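Residue-level listing of the chains:
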Amino acid sequence: MTAARSSGDPVVILGAGYAGIAVWHEVHRRGRGRIPCVLVDRHPTHFFQTELYKLDQIAGSDAPARWGAPLREFLEGHEQVLRTGTVEKIDLESRIVSLDSGPLPYSQLMICLGSVPAYYGVPGAEANCRLVYGWEAARLLALDLRSAFELAARSSGSPLKIVVIGGGSTGTEVAAEIASADWSAALGLRVPDPDVTLVVGALPLLAGLPEGLVTHARRLLRRARVRLNEGNNVQRVDPRQLTLQDGTSLSFDVAVWAAGVRAPEVVRTVAAEHGSAGRLKVTENLEVVDRPGVFAIGDVAEFRDRSTGLVVPATAQAAMAEAPVATRNLLARRRGTPLRSFVYRERGSIVEIGPGAAAGAIRHVTIWGRPAALLKSLVEEGHRRSTGHGGRPPGL
Ligand SMILES: Cc1cc2nc3c(=O)[nH]c(=O)nc-3n(C[C@H](O)[C@H](O)[C@H](O)COP(=O)(O)OP(=O)(O)OC[C@H]3O[C@@H](n4cnc5c(N)ncnc54)[C@H](O)[C@@H]3O)c2cc1C
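The sections below set out a description of the structure shown in this document. This one's a predicted model, so the numbers in the text were calculated from it and none came from an experiment.

So, how was this worked out
Residues numbered from 1 in each chain as written. Predicted model: local features only at pLDDT ≥ 70, side-chain atom pairs only at ≥ 80, totals over all residues. Helix = DSSP H or I, 4+ residues; strand = E, 2+ residues; numbered from the N terminus. Expected span 1.5 Å × (residues − 1). Buried ≥ 20, exposed ≤ 12 C-beta atoms within 10 Å, placed from the backbone. Arc of directions from axis to C-beta. Contact = placed C-beta atoms within 7 Å.

### Re unusual backbone geometry
So, point 1. For leucine 206, which is not glycine, the phi dihedral falls at a positive 50°.
So, point 2. With respect to the secondary-structure elements, leucine 206 resides in the loop between strand S12 (195-201) and helix H9 (211-223).
So, point 3. The phi dihedral of histidine 364 falls on the positive side, at around 70°, and the residue is not glycine.
So, point 4. Within the secondary structure layout, histidine 364 lies in the loop between strand S23 (358-362) and strand S24 (365-368).

### So, H9
So, point 1. Compared with the 18 Å implied by 1.5 Å per residue over 13 residues, the 19 Å span of H9 between its first and last C-alpha is a close match.
So, point 2. Residues of H9 that are buried include every one of Leu213, Val214, His216, Ala217, Leu220 and Leu221, and no others. All buried residues of H9 fall inside an arc of 165° around its axis, so they share one side. Exposed and facing more than 90 degrees away from the buried side of H9 are Glu211 and Arg222.
So, point 3. On its buried side, H9 packs onto helix H7 (169-180), strand S13 (226-230), strand S22 (349-352), S23 and S24.
So, point 4. Positive backbone phi, approximately 60°, marks arginine 225, located one or two places after H9.

Just distances and angles here, no functional claims.
See the structure below:
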């Protein structure tokens with residue numbers, strides 16, 4: 001078992017995504033800048049992952065500046081805390097994180113390394129599908145769509161066949177955006193409307209989200225001319241064709257895999273208790289089970305609410321809600337004061353269904369259409385602004 005150190009080595013935050021930057025802000029605020037702290041990420045940029053379904057905009061202008069904020073700007077005046085590098089190993093016994101640039105000892109650790117796509121062993125899925133998880137992946141998908149549209153415009157003019165696999169929020173947003181974006185305007189040439197199918201899989205569409213939201217989402221998907229294929233998981237993906245469990249097949253020009261996420265490999269190999277998809281199990285204090293002084297939040301963690309028995313969803317909203325409590329508890333361990341339990345209160349969910357339309361539920365009230373889309377864009381804008389010049393991430 002690991003004991004928390006109170007001095008010497010720094011507090012180390014792994015990952016500068018939604019969870020990591022919120023933790024850095026809290027450590028800095030609560031410690032009044034006096035707690036030695038290192039923030040590690042493989043990129044020098046915090047990417048706005050929640051906006052990466054806007055593929056037409058990425059295809060039209062793939063300048064990374066629109067899709068992320070330089071971490072040096074966010075850390076303004078504290079740039080020395082940033083280590084750009086890849087985490088290769090986390091050793092909780094010796095309390096050393098191995099980066100590609102060398103070892104980094106820590107006194108206390110906050111693991112916020114996000115997630116990677118889960119392929120569930122489906123043959124050909126990784127090789128034949130594009131992704132929206134992460135900036136580079138979304139950019140490659142946008143460039144593929146751009147080339148495919150350009151080819152379609154030059155050749156017969158027959159519509160592009162796009163399949164999006166995964167009927168959660170990410171897949172739904174991606175399918176609707178591709179189907180209803182103004183690609184001709186984005187690419188500066190006249191292109192035929194695409195033929196988009198959302199392969200929802202065996203789970204219901206937008207499983208876990210409120211019924212009112214799902215009803216409006218279905219209506220908006222119909223309006224966006226997204227075809228729904230429901231009830232069957234994907235069995236295999238070949239180049240330009242996928243096969244479903246019932247034996248039927250769908251041909252495609254571009255396939256997008258948005259069927260779920262799991263913990264990154266470097267987290268799966270951490271010597272600690274793991275939950276589903278390799279996530280680190282955390283206690284009610286957001287501490288890794290049996291590892292005092294080591295915390296995990298965001299997509300990487302499995303937090304089960306004791307009162308409801310439900311696992312907190314892998315969302316930016318949850319990651320940013322966990323950050324203040326996890327940081328408070330990390331500092332409490334340092335000072336030997338009591339830790340506090342985390343209670344998750346969902347603020348609401350909004351799923352964008354094509355530009356300018358969305359379906360949402362805010363505390364049992366269903367909203368849809370333009371007002372819902374406007375609210376979502378205000379939240380995204382708030383986050384974008386907050387990541388400049390040491391601002392406080394507002395929570396999604
Ligand atoms: C298209 C899309 C739309 C979404 N929309 C919403 C939404 O509207 N609302 C919502 O709440 N959630 C949304 N999500 C989910 C949300 O993006 C994630 O839940 C959120 O990013 C999780 O935050 P995190 O800090 O745990 O991980 P991330 O934000 O993924 O951050 C992880 C960080 O760790 C770094 N990292 C990973 N591995 C390593 C390594 N080995 N070495 C160094 N650095 C590493 C990464 O570079 C990254 O900066 C969406 C996701 C997608 C893909």
